[in-house]
Amino acid sequence: MPAPLPPAAPADALPSPIPRLLLTGAAGGLGRVLRERLPAFARVLRVSDIAALGEARGAHEEVMPCDLADKQAVDGLVAGCDAIVHLGGVSVERPFEEILEANIKGVFHIYEAARRRGVKRVVFASSNHVTGFHRQTERLDAHAPRRPDGYYGLSKSFGEDMAQFYFDRYGIETVSIRIGSSFPEPANRRMMSTWLSYDDLTQLVQKSLFTPGVKHTVVYGMSANAEVWWDNHAAAHLGFVPKDSSEPFRARVEAQPPVAATDPNAIYQGGAFTAQGPFGD
Ligand SMILES: NC(=O)c1ccc[n+]([C@@H]2O[C@H](COP(=O)([O-])OP(=O)(O)OC[C@H]3O[C@@H](n4cnc5c(N)ncnc54)[C@H](O)[C@@H]3O)[C@@H](O)[C@H]2O)c1
């Protein structure tokens, strides 16, 4: 029997700015935000999506359309990059076959390409839907049992396992950000707990890129909201200190019609995602 492998050594800290940083999902809601903000952290930002991205915005940006389900294309996409912010994929609950292509095969292709191309740091856009079937009365940390609330949440849970495996086996470090609800402002009562402002998202991505020795860290992406369900003590080494809060939006949110106590939005952390599907009956 071969000798057991030594534990993977933590990768060297990334230089600041990162020589070439890949952003997947760059045409999406958060991708458009980070496309504006990540140039501060990289000499070259390579942006990618399956959807239209327009022209490169100057000499410091490269545009490379790519389908995450295409292994060879993803390998070419990652070649020459030093770190990856992986936002691309299906971001809502959908039939399994759609999730399989973009999210499950997609995250495998990203990590395989990272291994082959020597990338040592990934920031993975995971989701609160990994733990969505916990009740809103529970307070969770990164060690709480996962209870994915659909195929989408399952795919993010798989992505986190993929991240752990590629650290244990190959020393590729990842911060998996279980993003709550990152929108310009909280749109409903549930988001009073789950909201993550764009500025706090940007800070969290920056910490996730540059903090040395993160191994595989799981962190909930939320602002400093008054009523939270998640505890980030297990990710304290990131030094993420959110600056914003959903509180200034409370009056506007609470002017909305009340949510029935039997509504999944009032029961489960994952809200309406817990009640979607089945598909294809
Ligand atoms: N916005 C949030 O509040 C939130 C919450 C939890 C998790 N997330 C995660 O963060 C990431 C970004 O979220 P978002 O709100 O910007 O989602 P989004 O749907 O707006 O963006 C996702 C992007 O991925 C692209 N994409 C889909 N399938 C692809 C494929 N096969 N190949 C290449 N690209 C593909 C889409 O074209 C889209 O531009 C997603 O991974 C999402 O699951 C977001």
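In this text, all values refer to a predicted model and were calculated from it rather than measured experimentally.

(A) Structural detail: helix α3 (residues 96-117). The terminal C-alpha atoms of α3, which comprises 22 residues, lie 29 Å apart, in line with the 32 Å expected from a rise of 1.5 Å per residue. The sharpest bend along α3 measures roughly 35° and falls at G106. In this structure, the buried side of α3 is in contact with β1 (18-24), α2 (71-78), β4 (83-86), β5 (121-127), α4 (151-170) and β6 (173-179).

(B) Just a nonpolar patch on the surface, in detail. Nonpolar side chains collect at one region of the surface, where F96, Y151, L154 and F279 lie side by side and expose about 340 Å² of accessible area between them. Examined against the element boundaries, F279 turns out to sit in the segment after α8 (264-267). Here F279 falls in the partly exposed class, since its relative accessible area comes to 32%.

(C) Up close: the site of the ligand. The full set close to the ligand counts 26 residues, and L30, D49, S91, Y152 and S182 are the nearest of them. Between an oxygen atom of the ligand and a main-chain N or O atom of G29, the distance comes to 2.8 Å. Separating an oxygen atom of the ligand from a side-chain N or O atom of K156 is a distance of 2.8 Å. Coverage of the ligand by the protein amounts to 85% of the 820 Å² it exposes when considered alone. With 3 residues, β5 is the single largest residue contributor to the shell around the ligand. Here the residues of the shell around the ligand sort into 12 nonpolar, 11 polar and 3 charged.

(D) Spatial organisation of the nonpolar core. The biggest cluster of nonpolar side chains holds 33 residues, and the ones touching the most others in it are L21, L23, L38, V85 and L209. Of all the elements in the fold, those that place two or more residues in this core are β1, α1 (29-37), β2 (42-47), β4, β5, β6 and α6 (198-210). When residues in this core are grouped by element, the largest group, 5 residues, is from α6. Apart from the residues lying within four places of it in its own chain, the contact partners of V85 are L21, L22, L23, T24, L34, L38, V123, V205 and L209. Judged by nonpolar contacts, the second largest core, of 20 residues, contains L68, L77, I84 and I172.

(E) The arrangement of the packing of α1 against α6 in detail. Two elements in contact, α1 and α6, have axes whose closest approach is 11 Å; the angle formed by their N-to-C orientations is 65°. By crossing handedness, the relation of α1 to α6 is classed as right-handed. In this structure, α1 contributes L30, V33, L34 and R37 to the contact, and α6 contributes Y198, D199, L201, T202 and V205.

(F) Here's a closer look at the pairing of β6. Counted residue by residue, β6 has 7 buried out of 7 residues, so it is predominantly covered. Two elements, β5 and β6, share 7 bridges in a ladder whose sense is parallel. Within β6, the residue paired with S127 across the bridge is I179. For the segment spanning β5, α4 and β6, crossover handedness is right-handed. As defined by bridge partners, β6 adjoins strand β7 (residues 216-221) across 6 bridges and the pair is classed as parallel. When the sheet's bridge partners are listed, I179 is paired in β7 with G221.

(G) Structural context of α6. Here α6 spans 18 Å end to end across 13 residues, near enough to the 18 Å set by a 1.5 Å rise per residue. Burial in α6 covers these residues: D200, L201, T202, Q203, L204, V205, S208, L209 and F210.

(H) Structural context of the pattern of salt bridges. With the rule as written, the count across this model stands at 18 salt bridges. Among the salt bridges present, the one from D75 reaches R116, with a minimum N-O distance of 3.1 Å. Placement of the pair is D75 in helix α2 and R116 in helix α3, with a sequence separation of 41 residues. On the accessibility criterion, D75 (11% relative accessible area) is buried. Its salt-bridge partner being R178, residue E160 comes within 2.8 Å of it at the nearest N-O pair. One end of the pair, E160, is in helix α4; the other, R178, is in strand β6, with 18 residues separating them in the sequence. Accessibility classification places E160 together with R178 in one group, the buried group. Overlapping salt bridges bring together R146, E160, D161 and R178 as one network.

Criteria and cut-off values
Residues numbered from 1 in each chain as written. Predicted model: local features only at pLDDT ≥ 70, side-chain atom pairs only at ≥ 80, totals over all residues. Heavy atoms only, no water. Helix = DSSP H or I, 4+ residues; strand = E, 2+ residues; numbered from the N terminus. Expected span 1.5 Å × (residues − 1). Bend = angle between axes of the 7 residues up to and from the residue. Contact = heavy atoms within 4.5 Å. Patch = residues over 30% accessible without salt bridge, like charges linked within 9 Å, V, L, I, M, F, W, Y side chains within 5 Å. Areas by Shrake-Rupley, 256 points an atom, 1.4 Å probe, with all protein chains shown as cover. Salt bridge = Lys/Arg side-chain N within 4 Å of Asp/Glu carboxyl O. Buried < 20%, exposed > 50% of the residue type's maximum accessible area, 1.4 Å probe, protein only. Near = heavy atom within 4 Å. Polar contact = N/O pair within 3.5 Å; in protein donor to acceptor, adjacent residues only side chain to side chain. Nonpolar A, V, L, I, M, F, W, Y, C, P; charged D, E, K, R; others polar. Core = buried A, V, L, I, M, F, W, Y, C linked by side-chain atoms within 4.5 Å. Axes fitted to C-alpha atoms, helices over the stretch in contact; angles between N-to-C directions. Left-handed = near helix turned anticlockwise from the far one by under 90°. Pairing = 2+ DSSP bridges. Right-handed = clockwise from strand over helix to strand, strands pointing away.

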